[in-house]
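A look at the structure
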Amino acid sequence: MCAARAGQRGKRVMLIEHADAPGKKILISGGGRCNFTNLDVAPDRYLSSNPHFAKSALARYTARDFLALVESYGIAWHEKTLGQLFCNGSARQIVDLLLDQCAKGDVELRCGESIGSVGHTDGAFTVETSAGSYSAPSLVVATGGPSIPKMGATGFAYDLARQFGLKVVQPRPALVPLTLGGEDLLFRELSGVSTEVVAGAGKAKFREAALFTHRGLSGPAILQVSSYWEPGAPVTVDFLPDADAQVFIAAKAQNPKATVRSTLAGLMPERLAGELAERIGIPVPLSDCKDKALRAAGERLKRWTFHPNGTEGFAKAEVTVGGVATGELSSKTMEAKKVPGLHFIGEAVDVTGWLGGYNFQWAWASAVACAEGL
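Let me sum up the structure you'll find in this document. Just so we're clear, the structure is a prediction, and the values are computed from it rather than from any experiment. (Residues numbered from 1 in each chain as written. Predicted model: local features only at pLDDT ≥ 70, side-chain atom pairs only at ≥ 80, totals over all residues. Heavy atoms only, no water.)

Comments concerning the nonpolar core
To keep it simple, the criterion reads: By nonpolar core we mean a set of buried residues, namely Ala, Val, Leu, Ile, Met, Phe, Trp, Tyr and Cys, connected to one another through side-chain atoms within 4.5 Å. Relative accessibility thresholds used throughout: buried, under 20% of the residue-type maximum; exposed, over 50%; partly exposed, between the two (1.4 Å probe, protein chains only). Numbered from the N terminus, helices here are DSSP runs of H or I no shorter than four residues, and strands are runs of E no shorter than two. Contacts: residue pairs with any heavy atoms within 4.5 Å of one another.
Counting residues in each nonpolar core, the largest one holds 112 residues, and the members touching the most others are I94, F239, L342, F344 and W362. For this core, the element with the most residues is helix α12 (residues 358–373), which contributes 10 residues. When near neighbours in sequence (up to four residues on either side) are disregarded, F344 contacts V141, A157, L160, A161, L166, V324, L329, M334 and V349.

Here's what the structure looks like:
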């Protein structure tokens, strides 16, 4: 995106890609349909040490701007849920769009070239690759973070930032499944069961589906809170997003012979209802229970506490929290304040969006901000 916009502004641009073809992460995104942006993009949906940093770029290149570009190519799209936009066809359409935009800017794309070294002398950057040596007054680093290493992702951007004396906020996996241990291990028997919940970590709360896996917890709600989760901290899950803590008292009034299990089975998958009912430990009919006990059971289900022992790491993380410190960069041009001509954009920067197209929009917006400043 940055190369295309800079090329279309008349700049001579070389785009170096170490993979044998461009856009590999784009091609696997959104189940192969690319969740290319979100209609509800706002700065408060991004994590960063400086929550204000992303405002400038996001305001200057919006989700509607990228959607207009998508529509100009005749790419059919749909809103799946919560403002998330996907191609009706294939993510390949987005890659082809970007390649066509580069062609319109006369960008030279060189694939399959690994970077050997990067130097900076006399106002010029020199990049040594497996195929040769290139020099230019500006260098844009758009290599992302280390999430999904099997696609070729590395921490290259951080190494380069440190080489030039820039601070890096410690990267960690985000939008990643959480692993469980101890007593929570019993929930692994529910592997494959999914249900709508409100998951929370710290002050963050998300209402979406949670999925039990053979290693712990996943699903959109869990991936969202994983970005906010700190090791050692609990994750809370409200298993009754459409009911309150009085749910069993109300059920008793309607049907005294009902049980905790039968009540829950009407609100969630039966396997999960059975597991939760067993843990609550009220096997008798609701009519045999005092309201106080039923209310306590409801309150526990409204704030069920899990204690993750970790995450599934960068291998399963969709993105990375952390990256090149925003204090080192101009929010208007993404240029390093200490090193004129050096820019970092996209996921390489300490700006991480929610699940659902937010990280793509940051990529587009930061790329355009950078390109217009070159």
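Here's the deal with the sheet that holds strand β8 (residues 124–129)
The test is simple: Here, a strand pair is defined by DSSP locating no fewer than two bridges between the strands. Note on geometry: axes are lines fitted to C-alpha atoms, helical ones only across the stretch in contact, with angles between N-to-C directions running from 0 to 180 degrees.
An order of β7-β8-β9 is seen for the three strands of this open sheet, with the pairing classed as antiparallel. Strands with a single pairing partner mark the edges of an open sheet, and in this sheet they are β7 (115–121) and β9 (132–136). Averaged over all pairs of adjacent strands, the angle between their axes in this sheet comes to 15 degrees, without regard to strand direction. Both β7 and β8 contribute to a ladder of six bridges, which runs antiparallel. Considered in β8, the bridge of I115 is made with T129.

Considering the sheet that holds strand β5 (residues 84–87)
Sheet strands associate in pairs through backbone hydrogen bonding, adopting either a parallel or an antiparallel arrangement. Spatially, β2-β5-β4 is the arrangement adopted by the three strands of the open sheet, whose pairing is antiparallel. Edge strands, defined here as strands with exactly one partner in the open sheet, are β2 (35–38) and β4 (77–79). On average, adjacent strands in this sheet sit at an angle of 30 degrees to one another, irrespective of strand direction. Examined bridge by bridge, β4 and β5 share three bridges and lie antiparallel to one another. The partner of H78 across the bridge, within β5, is F86. Helix-sheet contacts for helix α4 (residues 63–72) involve β2, β4 and β5, and the interaxial angle to β2 is about 140 degrees.

Quick look at helix α5 (residues 92–104)
For the record, the criterion: Given the number of residues in a helix, its expected span is that number minus one, multiplied by 1.5 Å. Regarding the arc, it is the one traced by the directions from the helix axis to the C-beta atoms.
The first and last C-alpha atoms of α5 sit 18 Å apart over 13 residues, in line with the 18 Å expected at 1.5 Å per residue. I94, V95, L97, L98, Q101 and C102 are the residues of α5 that are buried. Down the axis of α5, the buried side of the element spans an arc of 160 degrees, and every buried residue falls inside it. When the buried face of α5 is taken as reference, the exposed residues oriented beyond 90 degrees from it are A103 and K104.

Quick word on the environment of C34
If you trace the backbone, C34 turns up in the loop between α2 (24–28) and β2. Given the relative accessible area of 0%, C34 is considered buried. For the pair C34 and F86, spaced 52 residues apart in sequence, the C-alpha separation works out to 5.6 Å. Non-local contacts of C34, meaning those with residues more than four positions away in its chain, are made with I26, S29, L85, F86, C87, A91, I94 and F360.

Comments concerning the environment of S138
Mapped onto the elements, S138 comes out in the loop between β9 and β10 (139–141). A sequence separation of 190 residues divides S138 from E328, and the C-alpha atoms of the two residues are 17 Å apart. S138 has contacts with F125, G341 and L374, leaving out every residue within four places of it along the chain.

Notes on the packing of helix α8 (residues 247–254) against helix α11 (residues 291–302)
Applied cut-off: Orientation is classified from the angle alone, with under 35 degrees giving roughly parallel, over 145 giving roughly antiparallel, 65 to 115 giving roughly perpendicular, and any other angle giving oblique. Charged residues are taken to be Asp, Glu, Lys and Arg, nonpolar residues to be Ala, Val, Leu, Ile, Met, Phe, Trp, Tyr, Cys and Pro, and polar residues to be all remaining types, Gly included.
Relative to each other, α8 and α11 sit at 130 degrees, their axes nearing to 7 Å. One way to sum up the angle between α8 and α11 is to call them oblique. Along the contact surface, α8 presents F248, I249 and K252, while α11 presents D291, L294, R295, A297, G298 and L301. Of the residues belonging to the contact of α8 with α11, the class tally is five nonpolar, one polar and three charged.

Describing unusual backbone geometry
Unusually for a residue other than glycine, L82 sits at a positive phi of about 50 degrees. The residue L82 is located in the loop between β4 and β5 in this model. A positive phi angle is found at M334, which is not glycine, with a value near 65 degrees. The residue M334 is located in the loop between β19 (319–324) and β20 (342–344) in this model.

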